[in-house]
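# Structural overview for review
Below, each chain spelled out in residue letters.
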Amino acid sequence: MRVSGLGPKAEHHLLELGFNPRPTPAGGWRLATAPGGPGPLTVEPTEAPHDDGAIGDSVLGATREETAQAACGLMHLYGLREGAGPRRLGLDHTAVVRAVVTGQGALAGLLARARGLNPGRVRVDPTAALLLTLGHYLAIAEAAPETYTPRAIRTEPPERADGTDRTALSPRADAGLPPPFLTRDGRWVEIETFRAQRWGALWQRLGVDGVAIGRAWREHAARQWTARCTLPRALHRAVAAHSLAELQEAAHACEVAVVELQPPARYRPCARPWTSRTGPVPAVPVGEPARTSLPHDLPLAGLTVVECTRFLQGPYAGRVLAMLGAHVVLVELPDGDPARGIEPVVDGCFAGFRALHRGKHPVRLNVITPAGRDALRELLDTADVFLHNWPAGRAERLGLEPEALWRTHPRLICAHASGWAPFRGPLLPPVASDWSAQAHSGLAHAQRPDDEPPAAGVATLLDTLGGLTCAEAVLAALLRRETTGVSTAVETSLLSAARLLLNGAKRPPAGPLFHPLPTGEGHLALGDTPGARSALGLPPGADRQAFVHALAGESAGNWEKHLNASGAPCARVRSIHDVLTDPALAGRLAYENGVHVTAPWEFS
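The paragraphs below set out a description of the structure included in this document. (Residues numbered from 1 in each chain as written. Predicted model: local features only at pLDDT ≥ 70, side-chain atom pairs only at ≥ 80, totals over all residues. Heavy atoms only, no water.)

## Description of the side chain of Thr488
- Assignment of secondary structure puts Thr488 in strand β16 (residues 488–493).
- For Thr488, a relative accessible area of 2% corresponds to the buried category.
- Setting aside anything within four residues of it in sequence, one finds Thr488 in contact with Ser276, Arg277, Thr278, Gly279, Trp406, Leu412, Ile413, Cys414, Ala477 and Arg480. (Helix = DSSP H or I, 4+ residues; strand = E, 2+ residues; numbered from the N terminus. Buried < 20%, exposed > 50% of the residue type's maximum accessible area, 1.4 Å probe, protein only. Contact = heavy atoms within 4.5 Å.)

Structural data, given as structure tokens:
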């Protein structure tokens with residue numbers, strides 16, 4: 001499986017970053033900078049794009065959004081929400097991911113030149129870029145293959161014969177329905193908290209029994225790892241018995257967030273998903289770069305990142321910086337990150353945690369105490385970047401905001417992966433998560449066709465993209481410091497990642513080929529083109545059932561070969577398990593205490 005080409009969104013993203021990209025014959029761009037700057041640099045895909053969608057060596061060249069989603073496993077994960085088969089995400093998600101990873105490669109290449117390493121070319125692997133956002137799912141699937149097996153949702157949940165509960169990474173197939181919830185007055189909402197006590201208090205207040213509450217919490221708390229969250233129907237009935245105002249009143253008393261699903265137009269789209277403010281101006285002008293690494297090193301070799309993060313968004317940012325050569329010091333809680341003990345455990349550590357923090361160097365500190373903060377400041381004495389994803393205001397309360405740190409660390413880059421930046425205020429949801437951000441930003445509407453009710457995808461979209469954009473912002477800040485001597489504080493957010501996805505997005509129209517089609521074996525994502533209808537002998541007005549009937553005689557794999565060869569772009573929907581075993585991905589996956597995705601950039 002190969003996703004070929006970086007796409008027009010990558011070129012647009014380079015423009016938004018301030019570059020003037022000139023096309024190259026290989027499907028990339030030549031980047032020039034101002035006189036005296038660290039250019040020029042060529043950025044190209046590892047494979048030239050296939051204009052005709054043809055197949056070579058039984059490997060798919062996926063260039064369209066729907067075929068790229070099918071080929072990399074995203075449709076499989078996105079379909080776990082309903083449990084009825086793979087589904088398409090109605091956003092240009094893969095195109096945006098490729099664009100951001102391309103921007104990372106360009107900034108890292110120019111940073112390397114500014115540091116005296118002098119690469120002239122960056123090659124970006126678009127397939128590895130997409131798999132990078134699924135890294136934690138791949139690691140969990142390799143360790144516990146049953147985690148992502150599709151299971152249909154039943155109406156009445158039968159009890160387990162042995163009376164035991166499933167683990168956090170084995171969600172009940174019969175648990176009920178996924179969020180969002182529909183209130184009595186017809187408002188769709190997500191309900192969010194990270195604390196089990198508050199979750200239980202709200203549902204008890206709404207009249208739900210304890211068994212259903214406990215079952216629901218296990219699903220709710222594990223969804224960032226499982227890509228599904230089917231909750232007992234008792235919870236949906238409880239919400240349906242209350243108006244939005246009544247639900248909000250109860251949630252406020254229990255310190256739980258009720259987030260109404262907003263229309264896509266609530267926020268203006270953004271193209272550069274971070275904000276920044278500058279630190280102290282150096283007293284001495286910047287001279288020639290002081291070489292801190294060897295010419296063959298990665299762009300961030302010799303640089304140190306101190307990372308205080310949990311969950312997904314911040315760890316993904318630190319993982320990217322580590323892949324680019326930085327020495328990343330991971331600051332954990334005094335007893336270690338609780339996520340280390342989640343099942344499945346591989347060599348003493350949760351497979352998903354290892355995927356997020358591979359290559360980092362853990363230390364344990366309690367930054368709430370004065371001694372812990374002093375120890376953190378000592379780590380920052382030799383650091384280039386301070387990265388955290390604390391809730392808004394915590395850094396200020398701890399005296400670790402950029403302005404305070406710059407007084408003693410004037411060259412430090414400060415990076416905050418937040419929930420709602422650059423917006424603040426009481427109208428924002430009090431809890432920021434991938435799903436509350438999807439709901440509040442409008443993505444829950446924009447990602448589904450216009451004949452379906454809105455819903456946030458359970459597979460993590462914004463945590464991973466938010467982490468990528470945070471890493472990109474850090475690279476831009478490091479490049480600025482290297483060329484001007486000025487330090488910078490950058491802030492990204494789940495909301496800014498959502499706005500990046502919403503840039504140019506419209507709620508997709510329903511159509512017979514929007515979601516992948518079942519075949520004689522497996523599902524097929526087929527572009528809705530005249531060529532596809534002609535190749536299948538169907539008239540222009542053929543409905544979905546006619547396509548299903550036409551495809552029933554062959555497997556999705558056979559149709560993938562035949563239809564692409566005839567000029568009808570399509571892709572077999574690959575599951576996460578297929579991705580792990582696809583021979584064409586041998587160079588993009590590595591195995592060491594679990595599977596991990598290799599770096600999507602090559603610098604030469």
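## Re helix α18 (residues 462–484)
- Under the 1.5 Å per step criterion, the end-to-end length of α18 is 32 Å for 23 residues, consistent within 8% with the ideal 33 Å.
- A large share of α18 lies buried, amounting to 19 of its 23 residues.
- One or two steps after α18, the chain reaches Gly485, where phi turns positive at roughly 85 degrees. (Expected span 1.5 Å × (residues − 1).)

## Quick word on the pattern of salt bridges
- For the coordinates displayed, the defined rule picks out 24 salt bridges.
- Put simply, Asp374 and Arg377 hold a salt bridge, and the shortest N to O gap is 3.4 Å. One end of the pair, Asp374, and the other, Arg377, are both in helix α13 (residues 370–380), three residues apart, so they sit about a helical turn from each other.
- Judged by its relative accessible area of 42%, Asp374 falls in the partly exposed class.
- With a shortest N-O distance of 3.2 Å, Arg424 and Glu491 are connected by a salt bridge. Highlighted residues: Arg424 in the loop between β15 (413–418) and α16 (434–441) and Glu491 in strand β16, separated in sequence by 67 residues.
- Classification of Arg424 as exposed rests on a relative accessible area of 58%.
- Taken together, the shared-partner salt bridges in this structure form one network comprising Arg81, Glu82, Arg87, Arg448 and Glu452. (Salt bridge = Lys/Arg side-chain N within 4 Å of Asp/Glu carboxyl O.)

## What to know about the nonpolar core
- Core analysis: the largest hydrophobic core is formed by 105 residues, its most contacted members being Leu77 and Leu300.
- When sequence neighbours within four positions are dropped, the list of residues in contact with Leu77 reads Leu134, Tyr137, Tyr148, Ala227, Ala459 and Ile576.
- Listed in part, the 33 residues of the second largest apolar core include Leu244, Cys254, Val256 and Trp435. (Core = buried A, V, L, I, M, F, W, Y, C linked by side-chain atoms within 4.5 Å.)

## Quick word on the sheet that holds strand β17 (residues 517–518)
- Overall, antiparallel pairing links the three strands, which are arranged β17-β18-β19 in an open sheet. At either margin of the open sheet sits one strand with a lone partner, and together these are β17 and β19 (570–572).
- Sheet topology places β17 next to strand β18 (residues 523–526); two bridges connect them, and they run antiparallel. Counted as the bridge partner of Pro518 is His523 from β18.
- Strand contacts of helix α2 (residues 65–72): β18 and β19, with the helix running at about 15 degrees to β19, the strand carrying the most contacts. (Pairing = 2+ DSSP bridges. Axes fitted to C-alpha atoms, helices over the stretch in contact; angles between N-to-C directions.)

## Some words on unusual backbone geometry
- Looking along the chain, the bond that leaves Pro179 and enters Pro180 is cis, with omega of 10 degrees.
- Mapped onto the elements, Pro180 comes out in the loop between α6 (135–143) and β5 (181–182).
- Here the residue pair Ala421 and Pro422 is connected by a cis peptide bond, since its omega of 5 degrees sits within 30 degrees of zero.
- Locating Pro422 in the fold gives a position in the loop between β15 and α16.
- One non-glycine residue with positive phi stands out, namely Asn118, at about 60 degrees.
- For Asn118, the location among the structural elements is in the loop between α4 (93–114) and β4 (121–124).

## So, the side chain of Ser575
- Tracing the sequence through the fold places Ser575 in the loop between β19 and α23 (576–581).
- At 3.2 Å, the side chain of Ser575 forms a polar contact with the backbone nitrogen of His577. (Polar contact = N/O pair within 3.5 Å; in protein donor to acceptor, adjacent residues only side chain to side chain.)

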